[in-house]
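# Breakdown of the fold
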Amino acid sequence: PSPAWVVMGSALANRVPDGSSRGLVSLTLIDPLLLLVTLGAVVWAFGRRGAILATLHVCLVFGAGFSWTGGAFLRAPWFAATVIGLCFVPRSRWAAGGSLLAFAACLRLFPAAFLVGLALKAVNETLVRRRAPARFLLLGGSFVVTCGVLVGLTALGPRGLHSWPDFAARMQVQVGTISPNLVGLTQTVALRPGPTQVTQEQLWRLAGERQRLYRWQLAIVLPMVLFLMLPIAGRVTAFRAALLGVPLLLVGANLGGYYYAMLALFVLAHRASAGALALIFAVEFASFALLGFADREATVYALRTLLLIQLMVALYWHPGADLVRRIRAGGRCGAT
């Protein structure tokens, strides 16, 4: 967890006396209450149909069951802040949306990828209209200010602002850790057939190989994906542009599978399309079906990554293809 999470989590946990069953129950109720608030925000922004479909998806999403997330508390704040923050986008509540995305990013870092998707749309509109859209400036400004406030509050912790360099060092260890339940391009590319048990020396060698693959991934694949997504961001709504952060995370990070509960946002974006919904839910059912055939858990998550990449291509294929057709038509007109 980030220093921001530690400050918040310790403040709540330290208020519970040792052995207090009432206090422990109170802590366990925080996440369900946050999820109910999130559901209310989804109903407000997308209607009951969208809320029902998204709830079904959250309940079905592979890798985010109780076996991974149970027995802890404050697992839901990043999810609630991300979803509610993006609910504000179609309602044109830009400052509130930016602040909540900042809160989510300070807790778990990776929700900042949703801001990247919105930034791509802002850059696209700036290039077309020759001026920066005011709404994106408002969203970005509130994001920066909120991040500054939250990082400043971590100075009140026992380690003060020094906790952030410590956190960065721990994240480097986390990135180099081999874990079966990761979803990301590195997990798929680095998958190798072999024994289920290895020596410590072999484990270090595998970790070093993964680190090299990940660096190449960041240097080559991530910039290519950003380049391809810049024009697509201009062809979709701001909400769907924000969701471009998910394919960026697939190629730029290796997150625990449980974080992909955020795929419910695609259900909201495509709630009126039966075909897109069928694809989104089919990916979850296919991931569960893999359990009956894969010999290792890591194999399941590596194949799930491939399924999610194919899903992203399918969902963004139409705006991308439409853009190509327009470019070709414009080129022919120019030649004429």
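Description of the structure in this document.

Reading the values: the criteria
Residues numbered from 1 in each chain as written. Predicted model: local features only at pLDDT ≥ 70, side-chain atom pairs only at ≥ 80, totals over all residues. Heavy atoms only, no water. Core = buried A, V, L, I, M, F, W, Y, C linked by side-chain atoms within 4.5 Å. Buried < 20%, exposed > 50% of the residue type's maximum accessible area, 1.4 Å probe, protein only. Helix = DSSP H or I, 4+ residues; strand = E, 2+ residues; numbered from the N terminus. Contact = heavy atoms within 4.5 Å. Polar contact = N/O pair within 3.5 Å; in protein donor to acceptor, adjacent residues only side chain to side chain. 1 Å grid on protein atoms, 1.4 Å probe; cavity = no way out; pocket = protein on both sides within 12 Å on 5 of 7 lines; lining within 4 Å. Points joined across faces, edges and corners; volume = space filled by probe spheres on them. Nonpolar A, V, L, I, M, F, W, Y, C, P; charged D, E, K, R; others polar. Salt bridge = Lys/Arg side-chain N within 4 Å of Asp/Glu carboxyl O. Phe/Tyr/Trp six-rings, centres within 6.5 Å; stacked < 30°, edge-to-face > 60°. Lys NZ or Arg CZ within 6 Å of the ring centre and 35° of its normal.

Judged by nonpolar contacts, the single largest core of 87 residues is most densely connected at Leu86, Leu243, Tyr260, Met262, Leu265 and Phe266. Sort the elements by how many residues they give to this core and helix α2 (residues 21-60) lands first, with 8 residues. Those residues in contact with Tyr260 that lie beyond four places of it in its chain are Val61, Val183, Val246, Leu249, Leu250, Leu255, Arg304 and Leu308.

A few words on the side chain of Thr186. Checked against the element boundaries, Thr186 lands in helix α9 (residues 185-189). Residue classification places Thr186 among the buried residues on the basis of a relative accessible area of 2%. There is a polar contact of 2.5 Å between the side chain of Thr186 and the side chain of Gln217. In this structure, Thr186 is in contact with Arg210, Tyr214, Gln217 and Asn254, ignoring residues within four places of it in sequence.

This part is about the layout of surface pockets. In this model, the largest pocket occupies a volume close to 950 Å³. Taken together, 34 residues form the lining of the largest pocket, with Met171, Gln174, Asn254, Leu255 and Tyr259 sitting closest to its centre. If you list the elements that add at least two residues to the lining of the largest pocket, you get α5 (94-108), α8 (163-175), α10 (200-233) and β2 (255-256). With 7 residues, α8 is the largest single contributor of residues to the lining of the largest pocket. When the residues that make up the lining of the largest pocket are grouped by side-chain class, the tally is 18 nonpolar, 12 polar and 4 charged.

What follows is about the pattern of salt bridges. In total, this model carries 5 salt bridges according to the counting rule given. Between Arg159 and Asp166 there is a salt bridge; the shortest N-O distance is 2.8 Å. Connected through shared salt-bridge partners, Lys121, Glu125, Arg129 and Arg135 make up one network.

What follows concerns the environment of Phe288. Summarising the element assignment, Phe288 is placed in helix α14 (residues 274-290). For Phe288, a relative accessible area of 39% gives the class partly exposed. Sequence spacing of Phe288 and Gly184 is 104 residues, and the spatial spacing of their C-alpha atoms is 17 Å.

Below, the discussion takes up the side chain of Ser142. Within the secondary structure, Ser142 sits in helix α7 (residues 134-153). Of the residues examined, Ser142 reaches a relative accessible area of 10% and is grouped as buried. A polar contact is formed between the side chain of Ser142 and the backbone oxygen of Leu139, at a distance of 2.8 Å.

Moving on: the packing of aromatic side chains. Counted under the stated rule, the structure contains 13 aromatic pairs. For the ring pair Phe46 and Phe239, a centre distance of 5.0 Å and an interplane angle of 55° mean the geometry is tilted. Of this pair, Phe46 sits in helix α2 while Phe239 is found in helix α11 (residues 238-242), placing the two residues 193 residues apart along the sequence. Taken as a pair, Phe46 and Phe239 share a single burial class, namely buried. Arranged with centres 5.3 Å apart and planes meeting at 50°, the rings of Phe62 and Tyr301 form a pair that is tilted. One end of the pair, Phe62, is in the loop between α2 and α3 (66-69); the other, Tyr301, is in helix α15 (residues 297-315), and 239 residues separate them in sequence. We classify Tyr301 as buried; its relative accessible area is 2%. Here the aromatic residues Trp78, Phe79, Phe110, Tyr258 and Tyr259 are joined through ring pairs into a cluster of three or more. Just above the ring of Tyr258 sits the side chain of Arg75; from NZ or CZ to the centre is 5.2 Å. Sitting above the plane of the Trp44 ring, Arg91 keeps its charged end 5.0 Å from the centroid.

On their own, these measurements won't tell you what the molecule is for.
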